[in-house]
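Coordinates in review
Chain by chain, the residues run as shown.
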Amino acid sequence: METAITTIIEALREGACVDAAWLERLVRARNRETADASRTVAKRRLLPYYWRVKSDDTARFASWNVTPEIERRLVRLLQAKPRRTASGVATVTVLTKPWPCGGDCLFCPSDVRMPKSYLSDEPACQRAERCFFDPYLQVTSRLRVLADMGHPIDKVELIVLGGTWSDYPPAYRRWFASELFRALCEFGEHASGEAAARRERYEEAGLTSDPDELARRFAHAQDAVNAGLLGYNDFVQVHYDAAAPGGADAPDGRGPRTDASPWSAVSAWQTAAAEEVDRWQRANETARCRCVGLVVETRPDLVTFDSLVELRALGCTKVQMGIQSLDDAVLAKNARRSTSSQIARAFALLRLFGFKIHVHAMANLVGATPAADVADYQRLVTDAAFLPDEVKLYPCALVESSRLRRLFESGAWRPYDEEELVGVLAEDVLATPAYTRISRMIRDIPSPDIMAGNKKTNLRQLVEERVRATGRPVREIRLREIATDAPAGADLRLDVVAYATSVSDERFLQWVLPDGRIAGFLRLSLPFSADALPCGAASPLPAGCAMIREVHVYGRATQIGRTGDAAQHQGLGRALVERACAMASEAGYGSVAVISAVGTRAYYRGLGFCDDGLYQTRRLGKPGR
C-alpha cells in the first residue's frame, strides 16, 4: 500500500500526467507483482491508508514530504464517488426511531423495524438500525466514511428522515437536534470514544443492532402486520415505548406505560432542554464540521405557526413535505389525511417563514391515471398556491406490508407499465420551471421488496433520454447543474426569474453559462400578504423585510477558508447576496433577513447581517463588510 502511495506522490511531484487511467495501470501493475493476495492494492483503500498514516504515523508521513498542493491533487485523484459532494456540500442522512404514525396511507410500507414508510433494507435505514437510530452515531459513522472517501466534510447538510417530525415528543425532538450538532462538533478523536460508550449503553439496555437477530425477533410481528392481523401503530406503541398518535404534545410526551420494553430505559435519556440545543448550536458556528442545512420531514396538516417557530429554533432551514397529490378525490382514495387546501396553507406558512419547500409527489396512486397525473403536476408547478423549490417524484410501488396489496390483488389498482410511467415523468420534467429541482425519481426500495411497480434503478436515465428525444428545452435545475466542473467566471451571467406566489413575489437569481448550465442560485422572497398566519399571530418577519430563503453555489465541495478554482470560491455567493439586497431595496423593502443555517451564521455576519431572533437581518443601504 505504501509503495503505491509513494509512487503516486512522486509522480505528482514530477508533474506527470496522473489521471484515472494512469492510476488503474499502477494498481494493475502493483497487483501483478504481489504474490500474496492479502496484500493486493485497491483504489478504495488507498485514501483511507493515506489519512491513517497522516494521523497515526507522523514520522512516516513526514518522510513522504507531501505539500498542500500535492495532497489536494492526490485526494482529487483517489476520491471515491466525487458526485457525493458535487452539489457543494456533504450530505448526511439520518433516521429517527420508529414511532406511531398519525396517518395510515394505502401505499405506505409498514416495516415494524423502521419508522413508517421506510424499509429495513434501504441503505440509509440499514445504517440507522446499525446505529440504534442514534443521531450522534449515525452522523459520526457517515462522516467517517465520507472522509475516508476523500470528501471535504466541513460543510454538511443534515437530512432527518423517518417518522413525521411533529409526531415525536418535544423533548425527543430537542435531544435529536442537539445530538446532531454535537456529533458535528466532536467529530474526530473524541467521537470514537463517545460512540463506543453509546453502543455499550444501548446494548446494556437489551437492544441489538444485528440485522439477522432483529429480523428473527420481529418476524412474527411483521407477518401479523402483513396479514392485517396487527396494526403498525399498535406494535410500535408497545415495543418502542411510544405515545399514541396525537399524544406527542402531552407534558412528558408519552402515554402511560405498562410494559418494560428495552426502549423504555433508552427513552428516559433521549431528552434535552432548549439550552442544550443552544449550547451545541453555538459550538457548531466555529466547529470543524459545520451544519450548512438542516432538513426535516412533515405532513401538510402538521405545518402550523408554532411548529415552524420550533423548527427555526432547532436550526431547520428546509422542510420536506409529503403532499403526494393535489387531487382531493385521489387523496381520499389513498387514505391521505390532508386536503389540497391544507397543502396550500402549508406552502404559504412555510414560505412566510423562509423555509425551502421540498415536496414529495407520487404518480400512479389509487384513482389516478397517466393524464391526470400530468395535469396534477402541472398544477403543482404553475398554481401560485404551490410552486415548490424542490420535488421528489415517486412512482407508487407495491410492497408486501402496505394496505395497497389488497387492492392490487382484487384488480382495483395496477402499476403503470414502463411506457406510461416514463411518459408521465418526462412530461413532469419538461413542465418544471427554472427555479425547481427534481431531486429524485425513485425510492431506494430494493427490487426484491417490490411486488408490483417500477424496479428499474436507472428510471431517471430512461426519463432523461425520453426528454432529450423530444427536443424541447429543459429548465429544471438538476439537469443543468455544473456538478464537479469549475466554470470560468467570464462565461457566467446573472439571470433573474420572477414569479408570484399567493403570499410573495419571488426572485430566483441564477448564475448560468451560455449553454444554460447553472453554477449557483439565490431565492429571494418579497412577502406581500400575511393572510396565512393564524389570527393574532405576529409575522415571523418585521414589516418591510424581504427574505433570502436559499443561497447555493455548485461545484466540488471545498474546505472553509481555502481558495481555489471551484465555483464556491469565485465570490459567486457573495455577489448573489449583494444583488438580492439591491433588488429588495429597489422594491421598497427596508431590510433583508436570511434563514441561515447554524454553520453559516459567521459567513452572513461577514456580509453585514446581524443575529436577530430566528433569523439574521441586514438593514438596506448598508454595504456588506
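Since we're looking at a predicted model, the values are computed, not measured.

Overview of the overall build of the chain
Within the chain one finds 22 helices and 16 strands. Taking 625 residues into account, the globule formula puts the C-alpha radius of gyration at 25 Å, and the chain, at 25 Å, falls close to it. Its C-alpha atoms give the chain principal-axis dimensions of about 70 × 65 × 55 Å. Buried positions account for 56% of the 625 residues belonging to the chain. Excluding contacts between residues fewer than 6 apart, the proportion of contacts in the chain whose partners are at least 24 apart in sequence is 73%. Averaged over its 82 positive side-chain charges, the chain has a centre that lies 3 Å from the centre of its 79 negative ones.

Examining the pattern of salt bridges
By the definition in use, this model includes 46 salt bridges. When the shortest N-O distance is used, the salt bridge between Asp57 and Arg60 registers 3.4 Å. Here the salt bridges do not stand alone but share partners, grouping Asp134, Glu179, Arg182, Glu186, Glu194 and Arg198 into one network.

As for the environment of Thr40
Residue position: Thr40 is located in the loop between helix H2 (20–33) and helix H3 (43–56). Separated by 443 residues in the primary sequence, Thr40 and Ala483 have C-alpha atoms spaced 33 Å apart. Each residue touching Thr40, except ones within four places of it in the same chain, is listed here: Asn31, Thr34 and Arg45.

Overview of the packing of helix H7 (residues 135–148) against helix H9 (residues 189–204)
Contact geometry for H7 and H9: axes closest at 10 Å, N-to-C directions at 135 degrees. Classified by the interaxial angle, the pair formed by H7 and H9 is oblique. Two packed elements cross with a definite hand, and for H7 against H9 that hand is left-handed. Of H9, the residues touching H7 (which contributes Tyr136, Leu137, Thr140 and Arg144) are His190, Ala191, Ser192, Glu194, Ala195, Arg198, Arg199 and Tyr202. Considering only residue class, the contact of H7 with H9 consists of five nonpolar, three polar and four charged.

Some points on the side chain of Ser325
Mapped onto the secondary structure, Ser325 falls in the loop between strand S4 (318–324) and helix H15 (328–333). By relative accessible area, Ser325 is classed as buried at 4%. At 3.0 Å, the side chain of Ser325 forms a polar contact with the backbone nitrogen of Asp327. With residues up to four places along the chain from it excluded, the contact list for Ser325 reads Val330, Leu331, Ile343, Leu365 and Asp376.

With respect to helix H21 (residues 572–586)
Here H21 is 15 residues long and its end C-alpha atoms lie 21 Å apart, about the 21 Å a rise of 1.5 Å per residue gives. Within the sequence span of H21, burial applies to Leu572, Gly573, Leu576, Val577, Ala580, Cys581, Met583 and Ala584. Gly588, located one to two residues past H21, shows a positive phi value of around 95 degrees.

Points about the sheet that holds strand S14 (residues 591–594)
What links the strands of a sheet is backbone hydrogen bonding, and the strands pair in either a parallel or an antiparallel sense. Pairing is mixed in the open sheet, where seven strands are placed in the order S10-S11-S12-S13-S14-S16-S15. A strand with exactly one partner marks an edge of an open sheet, and here the two such strands are strand S10 (493–500) and strand S15 (610–612). Averaged over all adjacent pairs, the angle separating strand axes in this sheet is 30 degrees, with direction ignored. As paired elements, strand S12 (residues 518–527) and strand S13 (residues 545–553) share six bridges and run antiparallel to each other.

Considerations on the packing of helix H1 (residues 2–13) against helix H5 (residues 68–78)
At their nearest, the axes of H1 and H5 sit 10 Å apart, and the two run at 120 degrees to each other. Accordingly, the angle class assigned to the pair H1 and H5 is oblique. For H1 against H5, the interelement crossing comes out right-handed. In this structure, H1 contributes Ile5, Ile8, Ile9, Leu12 and Arg13 to the contact, and H5 contributes Ile70, Arg73, Leu74, Leu77 and Leu78. Split by residue class, the contact of H1 with H5 holds eight nonpolar, no polar and two charged.

Examining the environment of Asp491
Locating Asp491 in the fold gives a position in the loop between helix H20 (459–470) and S10. Between the alpha carbons of Asp491 and Cys17 there is a distance of 27 Å; along the sequence they are 474 residues apart. In this structure Asp491 touches Val512, Leu513 and Pro514, once residues within four positions along its chain are discounted.

Topic: the sheet that holds strand S6 (residues 390–395)
Read across the open sheet, the seven strands follow the order S1-S2-S3-S4-S5-S6-S8; overall the sheet is parallel. With one partner strand each, in any of the chains shown, strand S1 (90–95) and strand S8 (437–440) form the two edges of the open sheet. Shown here is a sheet whose adjacent strand axes are inclined to one another by a mean of 25 degrees, direction ignored. Relative to strand S3 (residues 290–298), strand S2 (residues 155–161) runs parallel, the two being bridged by five bridges. Its bridge partner lying in S3, Val156 is registered against Cys291. On top of the sheet, helix H19 (residues 418–431) reaches strand S5 (356–363), S6 and S8; it is set at about 170 degrees to S6, its chief contact.

Side note on the pairing of S14
Side chains of S14 alternate between two faces, with Ser591 and Ala593 and Val592 and Val594 buried alike. The sheet contact formed by S13 and S14 spans four bridges and is parallel. Opposite Ala546, over in S14, you have Val592 as the bridge partner. Sheet topology places S14 next to strand S16 (residues 615–619); four bridges connect them, and they run antiparallel. When the bridges of S16 are listed, Val594 appears paired with Gln616.

Quick word on the packing of aromatic side chains
Going through the model one piece at a time under the given rule, you end up with 25 aromatic pairs. Each ring, one from Trp175 and one from Phe176, has its centre 6.3 Å from the other, and the planes form 75 degrees; the classification is edge-to-face. Take Trp175 and Phe176: they sit in the same class, and that class is buried. Chaining the aromatic ring pairs together yields one cluster made of Trp99, Phe132, Trp165, Tyr168, Tyr172, Trp175, Phe176, Tyr202 and Trp269. Positioned above the aromatic ring of Tyr118 is the side chain of Arg443, whose terminal nitrogen or guanidinium carbon lies 5.0 Å from the ring centre. Lying over the aromatic face of Tyr394, Arg443 brings its terminal NZ or CZ to 6.0 Å of the ring centre.

Focus: H5
If you check which residues of H5 are buried, you get Ile70, Glu71, Leu74, Val75, Leu77 and Leu78. Projected down its long axis, H5 carries its buried residues within an arc of 160 degrees, all on one side. Of the surrounding elements, those touching the buried residues of H5 are H1, H2, H3 and helix H4 (58–64).

Some words on the side chain of Glu179
Position of Glu179 among the secondary structure elements: in helix H8 (residues 170–186). Among the polar contacts made by the side chain of Glu179, one reaches the side chain of Arg198 at a distance of 2.2 Å.

A short note on the environment of Ser120
Examined against the element boundaries, Ser120 turns out to sit in the loop between S1 and helix H6 (123–130). Judged by relative accessible area, Ser120 falls into the buried class, the value being 14%. Along the primary structure Ser120 and Ala215 are separated by 95 residues, whereas in three dimensions their C-alpha atoms are 9.2 Å apart. Those residues in contact with Ser120 that sit more than four places away from it in its chain are Asp111, Arg113, Met114, Cys125 and Gln126.

What counts, and at which threshold
- Residues numbered from 1 in each chain as written.
- Predicted model: local features only at pLDDT ≥ 70, side-chain atom pairs only at ≥ 80, totals over all residues.
- Heavy atoms only, no water.
- Helix = DSSP H or I, 4+ residues; strand = E, 2+ residues; numbered from the N terminus.
- Rg over C-alpha atoms; globule rule 2.2 N^0.38 Å.
- Buried < 20%, exposed > 50% of the residue type's maximum accessible area, 1.4 Å probe, protein only.
- Contact = heavy atoms within 4.5 Å.
- Lys, Arg positive; Asp, Glu negative; His and termini not counted.
- Charge placed at Lys NZ, Arg CZ, Asp CG, Glu CD.
- Salt bridge = Lys/Arg side-chain N within 4 Å of Asp/Glu carboxyl O.
- Axes fitted to C-alpha atoms, helices over the stretch in contact; angles between N-to-C directions.
- Parallel < 35°, antiparallel > 145°, perpendicular 65-115°, else oblique.
- Left-handed = near helix turned anticlockwise from the far one by under 90°.
- Nonpolar A, V, L, I, M, F, W, Y, C, P; charged D, E, K, R; others polar.
- Polar contact = N/O pair within 3.5 Å; in protein donor to acceptor, adjacent residues only side chain to side chain.
- Expected span 1.5 Å × (residues − 1).
- Pairing = 2+ DSSP bridges.
- Phe/Tyr/Trp six-rings, centres within 6.5 Å; stacked < 30°, edge-to-face > 60°.
- Lys NZ or Arg CZ within 6 Å of the ring centre and 35° of its normal.
- Arc of directions from axis to C-beta.

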